[in-house]
Amino acid sequence: MTEIIVVTSGKGGVGKTTTSASLATGLAMAGKKVAVIDFDVGLRNLDLIMGCERRVVYDFINVVHGEATLKQALIKDKRNETLFVLAASQTRDKDALTQEGVEKVLDELAKEGFDFVVCDSPAGIEKGAHLAMYFADHAVVVVNPEVSSVRDSDRILGLLASKTRHAERGDTTVKQHLLLTRYNPVRVEAGEMLSVKDVEDILGISVVGVIPESENVLAASNSGEPVILREDSFAGQAYKDTVARILGEERPLRFTEVEKKSFLKRVFGG
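About the thresholds
Residues numbered from 1 in each chain as written. Predicted model: local features only at pLDDT ≥ 70, side-chain atom pairs only at ≥ 80, totals over all residues. Heavy atoms only, no water. UniProt positions renumbered as here; feature names shortened; annotations may be inferred. 1 Å grid on protein atoms, 1.4 Å probe; cavity = no way out; pocket = protein on both sides within 12 Å on 5 of 7 lines; lining within 4 Å. Helix = DSSP H or I, 4+ residues; strand = E, 2+ residues; numbered from the N terminus. Buried < 20%, exposed > 50% of the residue type's maximum accessible area, 1.4 Å probe, protein only. Pairing = 2+ DSSP bridges. Salt bridge = Lys/Arg side-chain N within 4 Å of Asp/Glu carboxyl O. Points joined across faces, edges and corners; volume = space filled by probe spheres on them. Nonpolar A, V, L, I, M, F, W, Y, C, P; charged D, E, K, R; others polar. Disulfide = S-S within 2.5 Å. Expected span 1.5 Å × (residues − 1).

As annotated in an unreviewed UniProt entry, the chain carries the name Septum site-determining protein MinD and is attributed to Luteibacter rhizovicinus. The UniProt entry for the chain carries the following text under Function (unreviewed entry): "ATPase required for the correct placement of the division site. Cell division inhibitors MinC and MinD act in concert to form an inhibitor capable of blocking formation of the polar Z ring septums. Rapidly oscillates between the poles of the cell to destabilize FtsZ filaments that have formed before they mature into polar Z rings." Regarding the chain, the UniProt comment filed under Subunit (unreviewed entry) reads as follows: "Interacts with MinC and FtsZ."

Right, dumping it as C-alpha cells:
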C-alpha cells in the first residue's frame, strides 16, 4: 500500500525542499520505490536540488490536465533506480492544481507500485499547500527552532487535524512528525534558540529528526545533490537517522548537544 508523506511548514525558507529531496532519496536507498512531487507551482526548486532540472520535459500540471502521461513526466533519478521526480510547472498559475487532478496522479502512482510518495509542499495555507497535505498519511512538519517558525507551524497542525481526507472520513489521523532544521546547540545553550524540548512542548508532537546547521546543505543543493548523500556531513547523517525513524527504527538523536572539548584541546586549543 502506498504511503503519502507531505513535507510542510507554516513559514517559507525553513528547508522543506531540502528535506523532501533527502527523505525521498533516503527511502529509495532503503530499497523503497519512491516518487517525490513538487507542489510549488510557479517556483519549481525540487528538480534543481535533485539535479534533474535539464531533464524536465513534462511537469505535474501537464499530467493533472491530461497533456502528458505520468510515465512521460516522471524523471528517474540517476543515482537511485527506484526514485522518481515529478517537477512543478514554472509557467502555470497555482489554480491549475485541482483536487481531482492530484487524486488522479496519486492513484496512478499507487497502481504503479510506489511504496512512498513524498509531496513537497509550498509554505503556508494557500491552495497548493492544502492539496499537498489533503491526501497525506504522514506529515513531516519542518520547523526552525525560533518563535515565528514554531508559531506558524502550529496553524499547520490545526489544518492537518481538520482539513485532510483522513479528518473528513474520521477513520484515522495524519501521523504528524516534527523535524527541526538549522539546529545549533551552541545558540540553544546561549538562550538564542529554542531547544528540542521547547519546540516539542509548544507544538505537542514528537521530533522525528534534528538537522544541525551546516554549510554542507547549501553546497549540496547548489550542486544538485541531496545532502543525505554526503557521508561526511552531519546534516546528511541526521537525515539518514530521520528516514530510519520514519521506517520504524529506533535511533537516538544526535547533534543536539554542545560538543565537549577533551582535556588536551582545552589545554592546547583547537
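After that view of the structure, there is still more to cover.
*Asks:* Looking at this model, I keep getting lost on the UniProt feature "binding site: ATP" (unreviewed entry) in the chain. Mind explaining?
*Replies:* Under the UniProt annotation, the feature "binding site: ATP" (unreviewed entry) is placed at Lys11, Gly12, Gly13, Val14, Gly15, Lys16, Thr17 and Thr18. Among the residues just listed, Gly12, Gly13, Val14, Gly15, Lys16, Thr17 and Thr18 line the largest pocket. Examined against the element boundaries, lysine 11 turns out to sit in the loop between β1 (3-8) and α1 (16-29). Residue lysine 11 is classed as partly exposed on the basis of its relative accessible area, which comes to 29%.

*Asks:* What's the story with the UniProt feature "domain: CobQ/CobB/MinD/ParA nucleotide binding" (unreviewed entry) in the chain in this structure? I'm lost.
*Replies:* Following the UniProt record, one finds the feature "domain: CobQ/CobB/MinD/ParA nucleotide binding" (unreviewed entry) at residues 5-227. As annotated, residues 5-227 has a helix share of 40% and a strand share of 18%, and its two end C-alpha atoms lie 19 Å apart.

*Asks:* What is the right way to read the pairing of strand β6 (residues 138-143) from this model?
*Replies:* Consecutive side chains of a regular strand alternate in pointing toward one face of the sheet and then the other. Of all 6 residues in β6, 6 are buried, a share of seventy percent or more. Relative to strand β7 (residues 175-183), β6 runs parallel, the two being bridged by 6 bridges. Looking at β7, one finds that valine 142 is bridged to leucine 179.

*Asks:* What is the right way to look at the pattern of salt bridges in this model?
*Replies:* Under the defined criterion, the tally for this structure stands at 14 salt bridges. Residues aspartate 152 and arginine 151 are paired through a salt bridge, measuring 3.6 Å at the closest nitrogen-oxygen approach. Taking the relative accessible area as the measure of exposure, aspartate 152 reaches 25% and is therefore partly exposed. A salt bridge links glutamate 192 to arginine 187, with the nearest nitrogen and oxygen atoms 3.3 Å apart. A residue is classified by how much of its surface remains accessible, and arginine 187, at 32% relative accessible area, is partly exposed. Members of the salt-bridge network, linked through shared partners, are Asp241, Glu249, Arg251 and Arg254.

*Asks:* Please clarify how empty space enclosed by the protein should be interpreted in this entry.
*Replies:* Enumeration according to the criterion identifies 1 cavity of 30 Å³ or more in this entry. Considered as a void within the structure, the largest cavity measures approximately 30 Å³ in volume. The wall of the largest cavity is formed by Val210, Ala238, Asp241, Arg245, Leu253, Arg254 and Phe255. The residue makeup of the lining of the largest cavity, split by class, is 4 nonpolar, no polar and 3 charged.

*Asks:* Teacher, can you tell me more about the state of the cysteines here?
*Replies:* The bond known as a disulfide is covalent and runs between the sulfur atoms of two cysteines. The full count for this structure, using the stated rule, is 0 disulfides. For cysteine 52, which is in no disulfide, the shortest distance to another cysteine sulfur is to cysteine 119 and amounts to 16 Å. Taking the relative accessible area as the measure of exposure, cysteine 52 reaches 3% and is therefore buried.

*Asks:* Could you clarify how one ought to interpret the sheet that holds strand β2 (residues 34-38) in this entry?
*Replies:* Remark on secondary structure: sheet strands pair via backbone hydrogen bonds, oriented parallel or antiparallel. The mixed open sheet is built from 8 strands, whose spatial order is β3-β4-β2-β5-β1-β6-β7-β8. Where the open sheet ends on each side, the last strands, each with one partner, are β3 (75-76) and β8 (207-212). Summarising the sheet, β1 and strand β5 (residues 116-120) pair through 5 bridges and their orientation is parallel. By the bridge assignment for β5, valine 6 is matched with cysteine 119.

*Asks:* Honestly, α1 in this entry has me stumped. Any pointers?
*Replies:* The first and last C-alpha atoms of α1 sit 20 Å apart over 14 residues, in line with the 20 Å expected at 1.5 Å per residue. Counting buried residues in α1 gives 13 out of 14 residues, a clear majority hidden from the surface. In the segment just after α1, glycine 31 is the residue with positive phi, at about 95°.

*Asks:* I tried to follow the layout of surface pockets on my own but got confused; where do I start?
*Replies:* To find leftover empty space, one rolls a probe the size of a water molecule over the atoms. Considering only enclosed or pocket space, the largest pocket measures out at about 460 Å³ in volume. Together, 26 residues line the largest pocket, and Gly13, Val14, Gly15, Lys16 and Thr18 are the ones closest to its centre. Of all the secondary-structure elements, those providing two or more residues to the lining of the largest pocket are α1, α2 (46-49), β7 and β8. The element that contributes the greatest number of residues to the lining of the largest pocket is α1, accounting for 3 residues. Taken together, the residues that form the lining of the largest pocket break down as 10 nonpolar, 9 polar and 7 charged. Counted as a void, the second largest pocket has a volume near 300 Å³. Forming the boundary of the second largest pocket are 16 residues, of which Pro185, Pro212, Phe234, Phe255 and Glu257 lie nearest the centre. Those elements that provide at least two residues to the lining of the second largest pocket are α9 (185-189) and α12 (234-246). Of the residues contributing to the lining of the second largest pocket, the split by class is 8 nonpolar, 5 polar and 3 charged.

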